[in-house]
Each structure stands twice: as C-alpha cells, then as structure tokens.
Amino acid sequence: MRLTAWLLAALMISPVHAPPAIADAGRSDWRTLAFDGLSGWDKADHAAAFRGFKAACPQLLDNPPHMRRNGMAVSELLAVCSAALAEPEPPSPKTFFEEHFVPKVLIRDGREATGFLTGYFEPEVSASRTRNERFAVPLYRRPADLVSVKNRTLPEGWDPDVLFGRETPNGLEPYPDRAAIETGFLDGRGLEMAFVESWIDAFFIHVQGSARLRFSDGSVMRVAYAGKSGHAYSSIGRLLAETEGIDPASITMPVLRQWLTDNPQEGLRLMRRNQSFIFFHEVSDLSPQDGPVGAAGTPLRPLASLAVDRTWHLFGTPVWVDSQRDAALSEREAASPKPEDWRGFRGLTIAQDTGSAIRGPVRADLFVGSGPDAGAEAGIIRHSARLVFLWPRTGSGVQP
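Residues numbered from 1 in each chain as written. Predicted model: local features only at pLDDT ≥ 70, side-chain atom pairs only at ≥ 80, totals over all residues. Heavy atoms only, no water.

### Some points on the sheet that holds strand β13 (residues 278-283)
And then number 1: Sheet architecture is open: four strands sit in the order β5-β11-β12-β13, paired in mixed fashion. Both edges of this open sheet fall to β5 (124-126) and β13, since each of them pairs with a single strand only. Each neighbouring strand pair of the sheet contributes to a mean axis angle of 35°, computed without reference to strand direction.
And then number 2: Of the strand pairs in this sheet, strand β11 (residues 210-214) and strand β12 (residues 220-228) are connected by five bridges, and their pairing is antiparallel. (Pairing = 2+ DSSP bridges. Helix = DSSP H or I, 4+ residues; strand = E, 2+ residues; numbered from the N terminus. Axes fitted to C-alpha atoms, helices over the stretch in contact; angles between N-to-C directions.)

What follows is the structure, given as structure tokens:
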C-alpha cells in the first residue's frame, strides 16, 4: 500500500488548479451514458484494462467490501469478477466491458461534475544497507509499539482522525512526531532497513509511500508503506507558499525539491512541520516490471491504475479517464515542464489505490510509473478531467 497522502498534498493544490468541491451523496445523482459517447473509447487498450480488472478480482471475492457512497451494488461487481475469472481472456475485451458494464457520470446541480486528476509515481533512489558518511538518513520498519486505534477505547480528548498511536504500560498515547523520530527517538531499536543520502530523499519516499532502493552492488530493494505515526499531514508546499510569498501555481515537485536543496536548514525545519511520519516494509514478491502494491492489494500498472476515494468507490471499478490535450510539448516545455504543459491522458483504468488527499467522487490520482521520468511527469499533473465510472449491468455476472 502506498502512503495515504499523495504528491498533491505535499506540493499543494493551487487555487488555479484546485479540485471541484463535491458535497454529500444525498445531493448527487449518477447519469448513464453510452460507450460511443466516450471520445477515444474504440482506441483504448481494453486488453490491458481487462487484465488489471481480473487481477483485482481475487482480493474482492476473498474480502467482499461494504457498499460505498456512490451506491454501486457490491454483489453485482463480484458477479462480473466471477465472469472474468471464468475465462483466460475474452475474445474481445472491449466487448466484455460493454456487455458487463454501463458508463456513468456524477451529476451535480443538473450538470456533469468536472473531475480533478493528479499523478503519482514510485521513486528510485540510491541507498545503502548500512549507515556511512554518504548514506546516513534511515528508512524505518514499523515499530512494535505503533498500533492501530481502530475499534479501541480512546483516551479522552483523542482526535478521532488520528488512527495510530503508541501502546504503553499506561495505555494509548500519541506517537512521537517527525521531528522527534528524526532526532533519535527510535535509535538503538534496530529498525533501520536502509539509508538514503538526504532528508529530502526520505521525505519524498514518505510522500509516495513506496520506492525502489538501488544499492552500489546493483541490487534493488522494494519498500512499501507499513504504517504511519498518526499525526495529521501538513502540506509543506502550502506552508512554503505562505511563508516565502511564492506563487502557489508555480510550486511543482521540481520547484519544491530545488528550494529544499538550496535552503537545507530552512528546508529541514519546513519538512518537520509536517509531523506525520511513515514506516516501511520490504516487498520481495514483485517482479521488476510490477509497480508498487496499491491499497487494493495488487501491483499498480503505469497509466492503468487509479487512486480514488474509497469511501465513494469500490476497488476494482473500471474508470474511463479523459484529460486529453492535443498539443505536443515544445523543446522548452519538455526541458522545464509546468502544469500547463502536460499533454494529458485518455484511457481505461482500474481503481486500485486510495489516499488521504484523494477526497470526493470525482477526484483521482493516476499512477504514472517508476523512476525519475515518471516522477517528472507525475509532478506536473494537476488538471481537470472527465471521470466516467463503469457500473456493472444488473445480472451481468451471467454471461450473455
């Protein structure tokens, strides 16, 4: 599972590129569309989407979810999963989706709600298995005294949004924050799993919630989210804009990272104002071609896996995303990309992940891939998009 606060939360959404506000489900409705009304549908990679949908199905069938706020029937999605698993691959994946699903969009105040799309990625950074002069910043395993407080009797005054705490002989306590951990709280407990070059590298791994750590001998360790301290997440991009008077619209990931690099002491203090701290575990059962494992329990696929608000949508839901732009990047734009330079995306994705910054029925985060090129693209995606959710047809689990 990747971290529940995405790159967007780290950078901040500017007023120009802010997602639309969507209120409660009671004032919303879902309108059915026709597949031929989806621009580019015929050219989509339906076979890849089918494989992604099928990969999500065993988890859904083994652990059936509760109904979400959009009202999609869980039993009907599970029936389509059973149909997908019954055949190695349909003769026509496009026909499979058209026969088993109907496209729907959210309607608010009589109009189709405009979605908002961001991007995320899996970092790849140099690292060492032991601390040395170059690699001195640790990534930590989850401590044994870090516990989920879900379904626990909480101390009086406990913030209900804080879902993790510290188990002590005296009961639950808040876990120490980022500053306390980075200045030695966990020293001597043997929780260090690897070391990276800078607090900046560690911070952005925390933001993404997963990484490929590349060691000097050529080996690679995949690490993934294993828990968090429970403190509220603070957007350092927003804090930077407020304290330094920087135009919010200009704060992309490269801009933020460069500022932190150019201002090491102020940058460290800024990062520690985000009190949330992330712990990791090693993932050993992924192939190099796999992305990190999403919250749905399956590996993410570049430009085919989507993070959604899981209070609204079921994992495994196919989602048509259309944020296409026709203009190609100029050489200048490619060398110094800005949000307005992004060429856009159009394709069929599968909901496989979530995040605390992904809130609302038409809010989504597109997994772009792994490594620096994916990071450069993910860092500039903050755009409106048409999000069309494919709902199971009633009785569609029975093959037509």
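### Considerations on the side chain of Asp145
And then number 1: With respect to the helices and strands, the residue Asp145 is situated in the loop between β6 (137-140) and β7 (146-148).
And then number 2: Given the relative accessible area of 11%, Asp145 is considered buried.
And then number 3: A polar atom in the side chain of Asp145 sits 3.1 Å from the side chain of Arg166.
And then number 4: For Asp145, the side chain forms a polar contact with the side chain of Arg189, separated by 3.1 Å.
And then number 5: Other than its neighbours up to four places away in sequence, Asp145 contacts Gly165, Arg166, Glu167, Tyr175 and Arg189. (Buried < 20%, exposed > 50% of the residue type's maximum accessible area, 1.4 Å probe, protein only. Polar contact = N/O pair within 3.5 Å; in protein donor to acceptor, adjacent residues only side chain to side chain. Contact = heavy atoms within 4.5 Å.)

### Some thoughts on empty space enclosed by the protein
Where empty space is left becomes clear once a probe the size of a water molecule has been rolled over the atoms.
And then number 1: Counted under the stated rule, the structure contains two cavities of 30 Å³ or more.
And then number 2: Surrounding the largest cavity, Glu122, Ser210, Arg222, Val223, Ala224, Val283, Leu286, Pro292 and Val293 form its lining.
And then number 3: For the lining of the largest cavity, the element with the highest residue contribution is β12, accounting for three residues.
And then number 4: Across the lining of the largest cavity, the residue classes break down as six nonpolar, one polar and two charged. (1 Å grid on protein atoms, 1.4 Å probe; cavity = no way out; pocket = protein on both sides within 12 Å on 5 of 7 lines; lining within 4 Å. Points joined across faces, edges and corners; volume = space filled by probe spheres on them. Nonpolar A, V, L, I, M, F, W, Y, C, P; charged D, E, K, R; others polar.)

### Considerations on the sheet that holds β7
And then number 1: One open sheet accounts for three strands, arranged β7-β8-β9; its pairing is antiparallel. Each edge of the sheet is formed by a strand with only one pairing partner; in this case those strands are β7 and β9 (171-173). Averaged over all pairs of adjacent strands, the angle between strand axes in this sheet comes to 50°, irrespective of strand direction.
And then number 2: Two elements, β7 and strand β8 (residues 164-168), share three bridges in a ladder whose sense is antiparallel. When the sheet's bridge partners are listed, Leu146 is paired in β8 with Arg166.

### With respect to the nonpolar core
Looking at soluble globular proteins, one finds that nonpolar side chains tend to be buried together.
And then number 1: Ranked by internal contacts, the top residues of the largest apolar core, which has 66 residues, are Trp41, Phe53, Phe97, Phe101, Leu117, Leu260 and Leu306.
And then number 2: Setting aside residues no more than four positions away along its own chain, Leu306 makes contact with Leu117, Val319, Val321, Thr349, Ile350, Ala351, Gln352, Asp353, Ala364, Asp365 and Leu366.
And then number 3: In this structure, Leu139, Ile181, Leu186 and Ala194 belong to the second largest nonpolar core, which totals 26 residues. (Core = buried A, V, L, I, M, F, W, Y, C linked by side-chain atoms within 4.5 Å.)

### Considerations on the environment of Glu192
And then number 1: The topology assignment puts Glu192 in strand β10 (residues 192-196).
And then number 2: Sequence separation between Glu192 and Arg142 is 50 residues; the distance between their C-alpha atoms is 9.6 Å.
And then number 3: Setting aside anything within four residues of it in sequence, one finds Glu192 in contact with Arg131, Pro138, Leu139, Tyr140 and Arg141.

### Quick word on the packing of helix α2 (residues 46-62) against helix α3 (residues 74-85)
Think of two packed helices as two axes; the pair is described by the angle between the axes and how far apart they sit.
And then number 1: Packing of α2 against α3 leaves a shortest axis separation of 9 Å and a crossing angle of 120°. Judged on the interaxial angle alone, α3 and α2 are oblique. Our pair here, α2 against α3, has a crossing hand that is left-handed. Contacts from Phe50, Phe53, Lys54, Cys57, Pro58, Leu60 and Leu61 of α2 reach α3 at Leu77, Leu78, Val80, Cys81, Ser82, Ala84 and Leu85.
And then number 2: By residue class, the composition of the contact of α2 with α3 is twelve nonpolar, one polar and one charged. (Parallel < 35°, antiparallel > 145°, perpendicular 65-115°, else oblique. Left-handed = near helix turned anticlockwise from the far one by under 90°.)

### Re the pairing of strand β18 (residues 382-392)
And then number 1: Counting buried residues in β18 gives nine out of eleven residues, a clear majority hidden from the surface.
And then number 2: Bridge count between strand β2 (residues 101-108) and β18: four bridges; the pairing is antiparallel. Bridging from a neighbouring strand, Phe101 pairs with Pro392 of β18.
And then number 3: Sheet topology places strand β4 (residues 115-122) next to β18; four bridges connect them, and they run antiparallel. Paired with Leu117 across the two strands is His383, which belongs to β18.
And then number 4: In this structure, strand β15 (residues 318-322) lies alongside β18, joined through four bridges in antiparallel fashion. In the sheet register, Asp322 faces β18, and the bridge partner there is Arg386.

### As for helix α9 (residues 264-272)
And then number 1: Of all the positions in α9, only Gly267, Leu268, Leu270, Met271 and Arg272 are classed as buried.
And then number 2: Of the surrounding elements, those touching the buried residues of α9 are α5 (178-185), α6 (199-208), α7 (236-244) and α8 (253-262).

By themselves, these figures tell us nothing about what the structure is for.
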